Amino acid sequence: MDIDFPLVLVVLTFATGLVWLADKLFLRARRLEAYRASGDAAAAGDGPSAESEEPKEPYLVDLSRSFFPVLAIVLVLRSFLVEPFQIPSGSMLPTLEVGDFILVNKFAYGLRLPVAGTKVVPLGDPQRGDVMVFRYPEDGQTNYIKRVVGLPGDHIRYRDKQLFINGEQVETRFIARLPPMELRRVDLGNVEHDIFLTMGQRGGSGEGEWQVPEGSYFVMGDNRDNSNDSRYWGMVPDELVVGKAFAIWMHWKSLTSLPSFDRVGGIE
């Protein structure tokens, strides 16, 4: 079963914060009052003597006071600023490899509430060519990463491995053959990036035409013949957008290998 880490983080932050606040406002005063009363009794010879000016905090209060600031900082950073992700599949080859650890800008497309994903401060919108992280529309939870190809209002057509946007064929040029793949350079206007196409295939699945509705985006993987994307399950609604991937900070393919920093750099 997949763990909803953002939800767990929110729950732990609020739980530790409530315990700490309740102790600060109410419980600590009562604890001190009871402790002082026992100290007065001890001075009269009717109880144990006090060894310190204040009683020891309950374990739960001490734990909450220690962890709340850390959890709160992590929650703010990953919810509104930058969140790390690991690439689990090859659908974005050659741009992103399996085992790449990437950083995602969480405020590029506006500030959103944790877990709910509701945009509360609009700061920008996804642009054509952006590498975008979003929650998979089929379950609303699994994080996916693809490239934004179609914007609201666009007409998208994909036929014989050729992409058309609003009736215009997207320019591609041959770079190299890397059997069984063919490397090509794609010009999306303000962004150029590399894609993989499987050699020897004509046509294939994923062909069709789509009209991108308002508030949604059409996304595709750079590994065109090996990507589960909008060609198969439709558009990405704006409320499922997580953020813009902007950098690779580490590569670590498996626990049996050592981390590598050879691929550190920006994402185009």
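Residues numbered from 1 in each chain as written. Predicted model: local features only at pLDDT ≥ 70, side-chain atom pairs only at ≥ 80, totals over all residues. Heavy atoms only, no water.

**Q** Where do I start with the overall build of the protein in this structure?
**A** A count of helical and extended segments in the protein gives 3 helices and 17 strands. The C-alpha radius of gyration of the protein comes to 27 Å, more than 25% above the 18 Å expected for a compact globule of 268 residues. C-alpha extents for the protein along the principal axes are approximately 95 × 45 × 30 Å. Counting only contacts in the protein whose residues sit at least 6 apart along the sequence, the fraction spanning at least 24 positions is 56%. Of the roughly 15,000 Å² of accessible surface on the protein, 58% is carried by carbon and sulfur atoms. Here the protein contributes 28 positively and 36 negatively charged side chains, and the mean placements of these two sets differ by 3 Å. (Helix = DSSP H or I, 4+ residues; strand = E, 2+ residues; numbered from the N terminus. Rg over C-alpha atoms; globule rule 2.2 N^0.38 Å. Contact = heavy atoms within 4.5 Å. Areas by Shrake-Rupley, 256 points an atom, 1.4 Å probe, with all protein chains shown as cover. Lys, Arg positive; Asp, Glu negative; His and termini not counted. Charge placed at Lys NZ, Arg CZ, Asp CG, Glu CD.)

**Q** It is not clear to me how the sheet that holds strand 13 (residues 208-211) should be interpreted in this structure. Could you clarify?
**A** The pairing of strands in a sheet happens through backbone hydrogen bonds and is either parallel or antiparallel. If you trace the 4 strands from one edge of the open sheet to the other, you get 9-8-7-13, paired in antiparallel fashion. The sheet terminates laterally at strand 9 (168-169) and strand 13, the two strands that pair on one side only. Relative to strand 9, strand 8 (residues 162-165) is paired through 2 bridges, and the arrangement is antiparallel. Directly across from Phe-164, in strand 9, lies its bridge partner Gln-169. (Pairing = 2+ DSSP bridges.)

**Q** Mind showing me how you'd approach the nonpolar core here?
**A** Soluble globular proteins tend to bury their nonpolar side chains together. With 15 residues, the main nonpolar core has Val-149, Ile-156, Leu-163, Ile-165 and Phe-218 as its most contacted residues. Of all elements in the fold, only strand 7 (155-159), strand 8, strand 12 (192-198) and strand 14 (216-220) reach the threshold of two or more residues within this core. With residues near it in sequence (within four places) discarded, Ile-165 still touches Arg-128, Val-149, Asp-154, His-155, Ile-156, Val-170 and Leu-188. (Core = buried A, V, L, I, M, F, W, Y, C linked by side-chain atoms within 4.5 Å. Buried < 20%, exposed > 50% of the residue type's maximum accessible area, 1.4 Å probe, protein only.)

**Q** Just checking my understanding: could you explain the packing of aromatic side chains for this structure?
**A** Remark: the centre distance and the inter-plane angle together describe each pair of aromatic rings, the angle taken between the planes. Counted by the stated rule, this structure contains 8 aromatic pairs. When the ring of Tyr-136 is compared with that of Trp-233, the centres are 5.6 Å apart and the planes differ by 80 degrees; the resulting orientation is edge-to-face. Here Tyr-136 is found in the loop between strand 5 (131-135) and strand 6 (143-150), whereas its partner Trp-233 is found in helix 3 (residues 230-233), with 97 residues between them in sequence. With respect to class, Tyr-136 is no different from Trp-233; both count as buried. Here Tyr-144 and Trp-233 contribute two aromatic rings whose centre-to-centre distance is 6.3 Å and whose plane-to-plane angle is 75 degrees, an arrangement assigned as edge-to-face. Remark: Trp-233 occurs in helix 3 and Tyr-144 occurs in strand 6; sequence separation between them is 89 residues. By relative accessible area, which is 12% here, Trp-233 ends up buried. Positioned above the aromatic ring of Tyr-158, the side-chain terminus of Arg-231 is 5.0 Å from the ring centre. (Phe/Tyr/Trp six-rings, centres within 6.5 Å; stacked < 30°, edge-to-face > 60°. Lys NZ or Arg CZ within 6 Å of the ring centre and 35° of its normal.)

**Q** I'm lost on helix 2 (residues 59-81) in this one. Help?
**A** In an α-helix there are 3.6 residues to a turn, and that puts residues three or four apart on one side. With 23 residues, helix 2 should reach 33 Å at 1.5 Å per residue; the first-to-last C-alpha distance of 33 Å fits that figure. Along helix 2, the sharpest change in direction is near 35 degrees and occurs at Phe-67; proline Pro-69 comes one to four residues later. For helix 2, the complete set of buried residues consists of Val-61, Ser-64, Leu-71, Leu-75, Arg-78 and Ser-79. (Expected span 1.5 Å × (residues − 1). Bend = angle between axes of the 7 residues up to and from the residue.)

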